[in-house]
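Architecture at a glance
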Amino acid sequence: MSDRNFSRRRRGGMRFRPASGLNPNPNRPDREATEARAEVVGDKAHHDKVYDRARHAQEIERAENLAAGLPPEGAAAPPANDKDKPASERAFREPNLDTPAEVQEEKTFEPVPVAERPQGIVETIRAAASTMIKKVQRLIKPVKRTHKEVIINAESLETRVGVLEEGKLEEFTIERTTEERLVGSIFKGKVRNLEDGLKAAFVDIGFEKNAFLHYWDIVPSNFDSGVELVERETKKREKPRITQKDIPRLYPPGSDIIVQVTKGPIGTKGPRVTTNLVLPGRYLVLLPNSDQSGISRKIENQQERQRLKQILRSLTIPDGMGVIMRTVGEGQQVRYFVRDLALLLEEWKLIQDRIKSQTSATCVFQEPDLIERTVRDFLTEDVERIVVDSPKAYDRMREMISKISEPAARKVKLYNESQAIFDRFNISKQLDNAFSRTVHLKSGGYIVVDETEALVAIDVNTGRHKGGKDQETAILRVNLEAADEICRQLRLRNMGGLIVLDFIDMKSRRDQQNVYSRVKEGLRRDKAKTHILPISQLGLMEMTRQRHSESVHAAVYDECPYCKGRGRVKSALTMSVEIQRKLGEILKKRPRDESDFQLRIVVHPSVLDRLRNEDEKHLIEMEKRYFGKLSFRADPALHAELFKIVNVTNNEELA
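Quick look at the structure, then. (Residues numbered from 1 in each chain as written. Predicted model: local features only at pLDDT ≥ 70, side-chain atom pairs only at ≥ 80, totals over all residues. Heavy atoms only, no water.)

1. Points about the overall build of the protein
- A tally of helices and strands in the protein yields 19 helices and 26 strands.
- Taken over 655 residues, the protein has a buried fraction of 44%.
- Nonlocal contacts in the protein, meaning residues at least 24 apart in sequence, comprise 70% of its contacts between residues at least 6 apart.
- As displayed, the protein offers around 37000 Å² of accessible surface, 50% of which is attributable to carbon and sulfur atoms. (Helix = DSSP H or I, 4+ residues; strand = E, 2+ residues; numbered from the N terminus. Buried < 20%, exposed > 50% of the residue type's maximum accessible area, 1.4 Å probe, protein only. Contact = heavy atoms within 4.5 Å. Areas by Shrake-Rupley, 256 points an atom, 1.4 Å probe, with all protein chains shown as cover.)

Next comes the structure, spelled out in structure tokens:
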């Protein structure tokens, strides 16, 4: 056997990988990690991950950067700021044994009572019977239930959704009603030009910048690794497979093309689109341009998977289309899938009618708003109720859910008390704590979150946790609690990109594996696609998280106009040094024959206090040395880092 054949067989066959997950060859990067990194840097994907776009992510990203006039590899991610600590302090961290840990008694959670709307006799009897049946079922077969509820605050400019489990905020989403819902929307576009060098088409969809359509997003794509392909007994039409060479012939400049937005415009880049359309429903995802069907791999029960596969094969799906069974379909009856498929096909028919009637560069389908997406994605069997504070949104949600399931519609409750709904359910306080830079843990430790454009650094510290005699066990306990909180913070803040986790140093390899397993388990409930590596030899855990949209931090906060995002301003001492340096420069340049040379310096009050109280002797010495007069004025409206130097004689501003 030749070396060439042997190397090909090695690449195509199975590869040995250690149980610990570490790569034995440090010079050969892990392929999955490389692909995951390329997928998250600067990319925003649709929330229903169906097609595998990671395979060509690097090539597409490079072409997109070149089209936008950026460096091919994109802007380098800024390094995480070191916390200006001596090396001795950063080398090894131990628990503070002097301060005892804070002990709190766990209280039994009780749901917040919500007043019911007046109901008719039939609805009252039906609700009472349903409650009685549930009580009997719990007596016969007790089930450990988690109190899970969805709280919706619908206002004129903003809609907020919080998911509570046992009263603790686990997921948070925010949407501004004034912002256009671009990602997920479908457009009838017109091809403006083709760039063979970039292997991309530029499509006019009605925006200032043309949308970027890479050839790989035109060629039919395979399913993502999270979807299992299910073969159906259908008449397969032999269609010629489209390749990149066929694209200039199929879509010449000036031709119409139907595309779906997968990433909104960022900076100089226009929107990114694809022809692999996706229409998500309650239990199914319709694929209008693909004849493949599949089922979510997040459904782990093999018997349930076999049952759902039989249901999938029994569905009447039009030729040339496919569906994906979503995770929420686990345990659902056949009629729910049939009804959901009928609604999706009806929606697709409306989209086709708009495609025929509307002109180019127009929207033919807009992504549903947050309330409709909440009904679609969050209303699962384990959700006890959805509480909304808007009568209009309440009626709309009841009408939407009634089309799918009448019992589920009774889970929607209207909140009409005077106290704000997020205050009533203790969400506002949790949001304040969750979005601060430092997040405290029950054990006394804390985590520090630093978010940059492409990198998130999370540092775990012991704080005031009492280690006791067994320090390794105490450190492991803090790290495990921090692992749970980090997974929660990633969901709440919707942070994406490259993420580096700095846990407290652990000597035991078993403890490191336990923390790694805990993080991996916590990420299972995350709807965003994640890729995580074990703790490295430097004690760092690296991971990537796919970006759905911009993070909550970026959506809610603007850069501080005062410090320009630094979080710090120059000290009064620094400003005093700069002012004296500038004064010395001006006084040295002036002609010696000017006997009456007077300067007026306008500064911030905090800087003036420093000049008067601590640096007065230096200023007097400067006046004597250069034969000039200096007068100072305070201006509270002036920036702390700015100052003005004016020549009093002619009122000329010198600096």
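2. As for the nonpolar core
- Within the largest apolar cluster, 30 residues are counted, with the highest numbers of intra-cluster contacts made by Ile458, Phe503 and Met541.
- Put simply, the parts of the chain that give this core at least two residues each are strand S18 (446–451), strand S19 (455–461), helix H14 (471–493), strand S20 (497–502), helix H15 (509–522) and strand S22 (540–545).
- Examining the composition of this core, we find that 9 residues originate from one element, H14, more than from any other.
- The contacts of methionine 541, once residues within four sequence positions are left out, are Ile499, Val500, Leu501, Phe503, Val515, Tyr516, Val519, Ile532, Leu533, Pro534 and Ile535.
- Judged by nonpolar contacts, the second largest core, of 28 residues, contains Tyr283, Met321, Val328 and Phe337. (Core = buried A, V, L, I, M, F, W, Y, C linked by side-chain atoms within 4.5 Å.)

3. Notes on the pattern of salt bridges
- The final tally for this structure, using the stated rule, is 26 salt bridges.
- Where lysine 582 meets glutamate 585, a salt bridge forms, and the shortest distance between an N and an O atom there is 3.7 Å. Taken as a pair, lysine 582 and glutamate 585 lie in helix H17 (residues 572–589) at a separation of 3 residues, close to a single helical turn.
- In this structure lysine 582 comes out as partly exposed when scored by relative accessible area, which is 28%.
- Judged by its relative accessible area of 35%, glutamate 585 falls in the partly exposed class.
- When the shortest N-O distance is used, the salt bridge between glutamate 614 and arginine 610 registers 2.8 Å. (Salt bridge = Lys/Arg side-chain N within 4 Å of Asp/Glu carboxyl O.)

4. Some words on the packing of H14 against H15
- The interhelical angle for the contact between H14 and H15, taken along N-to-C directions, is 20°, at an axis separation of 9 Å. One finds that H14 runs roughly parallel with respect to H15. Seen along the crossing, H14 lies across H15 with a hand that is right-handed. Across from Glu472, Leu476, Asn479, Leu480, Ala483, Asp484, Cys487 and Arg491 in H14, the residues of H15 making contact are Asp511, Asn514, Val515, Arg518, Val519 and Gly522. (Axes fitted to C-alpha atoms, helices over the stretch in contact; angles between N-to-C directions. Parallel < 35°, antiparallel > 145°, perpendicular 65-115°, else oblique. Left-handed = near helix turned anticlockwise from the far one by under 90°.)

5. Notes on the side chain of glutamine 332
- Tracing the chain through its elements places glutamine 332 in the loop between strand S13 (322–325) and helix H8 (334–357).
- Here glutamine 332 falls in the buried class, since its relative accessible area comes to 6%.
- Dropping the residues within four chain positions of it, glutamine 332 is found in contact with Tyr283, Arg307, Ile311, Phe337 and Glu381.

6. Considerations on the pairing of S20
- Among the 6 residues in S20, 5 count as buried, and that is most of the element.
- The sheet contact formed by S19 and S20 spans 5 bridges and is parallel. Within S20, the position partnered with isoleucine 458 by the bridge is leucine 501.
- Note that S20 and S22 share 6 bridges and pair antiparallel. Looking across to S22, one finds that glycine 497 is bridged to arginine 545. (Pairing = 2+ DSSP bridges.)

7. What about the environment of valine 556?
- Tracing the backbone shows valine 556 in helix H16 (residues 552–556).
- Separated by 380 residues in the primary sequence, valine 556 and arginine 176 have C-alpha atoms spaced 9.8 Å apart.

8. A few points about unusual backbone geometry
- Positive phi is not limited to glycine here, since alanine 361 has a value of about 60°.
- Note that alanine 361 resides in the loop between H8 and strand S14 (362–365).
- Accessibility expressed as a relative area gives 21% for alanine 361, which makes it partly exposed.
- Positive phi is not limited to glycine here, since asparagine 426 has a value of about 60°.
- Looking at the element boundaries, asparagine 426 is found in the loop between helix H12 (421–424) and helix H13 (427–434).
- A residue is classified by how much of its surface remains accessible, and asparagine 426, at 39% relative accessible area, is partly exposed.

9. Notes on the environment of proline 220
- Looking at where proline 220 falls in the secondary structure, it is placed in the loop between strand S6 (211–214) and strand S7 (227–230).
- For proline 220, a relative accessible area of 40% translates into the label partly exposed.
- For proline 220 and asparagine 276, which are 56 residues apart along the polypeptide, the C-alpha to C-alpha distance reads 6.7 Å.

10. Description of the pairing of S22
- When strand S21 (residues 530–532) meets S22, the two strands line up antiparallel, connected through 3 bridges. By the bridge assignment, isoleucine 532 is partnered in S22 with methionine 543.

11. Section: the sheet that holds strand S10 (residues 279–280)
- In space, the 5 strands of this open sheet follow the order S7-S12-S13-S11-S10, with mixed pairing throughout. Each edge of the sheet is formed by a strand with only one pairing partner; in this case those strands are S7 and S10.
- Summarising the sheet, S7 and strand S12 (residues 293–296) pair through 4 bridges and their orientation is antiparallel. Across the sheet, residue valine 230 finds its bridge partner in S12, namely serine 293.
- On top of the sheet, H8 reaches S10, strand S11 (284–287) and S13; it is set at about 35° to S11, its chief contact.

12. Describing the packing of aromatic side chains
- Per the stated rule, a full pass over the model turns up 5 aromatic pairs.
- Relative to phenylalanine 207, the ring of phenylalanine 187 lies with its centre 5.9 Å away and its plane at 70°, an arrangement referred to as edge-to-face. You can see phenylalanine 187 sitting in strand S4 (residues 186–195) and its partner phenylalanine 207 sitting in the loop between strand S5 (200–204) and S6, a full 20 residues away along the chain.
- Residue phenylalanine 187 is classed as buried on the basis of its relative accessible area, which comes to 3%. (Phe/Tyr/Trp six-rings, centres within 6.5 Å; stacked < 30°, edge-to-face > 60°.)

13. A word on the environment of valine 449
- With respect to the helices, strands and loops of the structure, valine 449 is situated in strand S18.
- Its relative accessible area of 6% is what places valine 449 among the buried residues.
- In this view, valine 449 contacts Arg437, Val456, Ala457, Ile458, Arg493 and Met495; residues no more than four positions away in its chain are not counted.

14. Focus on the sheet that holds strand S15 (residues 383–388)
- Strand order in the open sheet formed by 5 strands is S3-S2-S1-S15-S16, and the pairing between neighbours is mixed. Unpaired on one side and paired on the other, strand S3 (168–176) and strand S16 (412–414) mark the two borders of the sheet. Neighbour-to-neighbour, the strand axes of this sheet turn through a mean angle of 20°, independent of strand direction.
- In the sheet, strand S1 (residues 148–154) pairs with strand S2 (residues 158–165) via 7 bridges, with the strands oriented antiparallel. Bridging from a neighbouring strand, isoleucine 151 pairs with glycine 162 of S2.
- Of the strands in this sheet, S1, S2, S3 and S15 are in contact with helix H9 (residues 370–378), which crosses S3 at around 145°.

15. Quick word on the side chain of serine 296
- As for its placement among the helices and strands, serine 296 is situated in strand S12.
- Discounting residues that sit within four places of it in the chain, serine 296 has contacts with Gly226, Arg305, Met325, Arg326 and Thr327.

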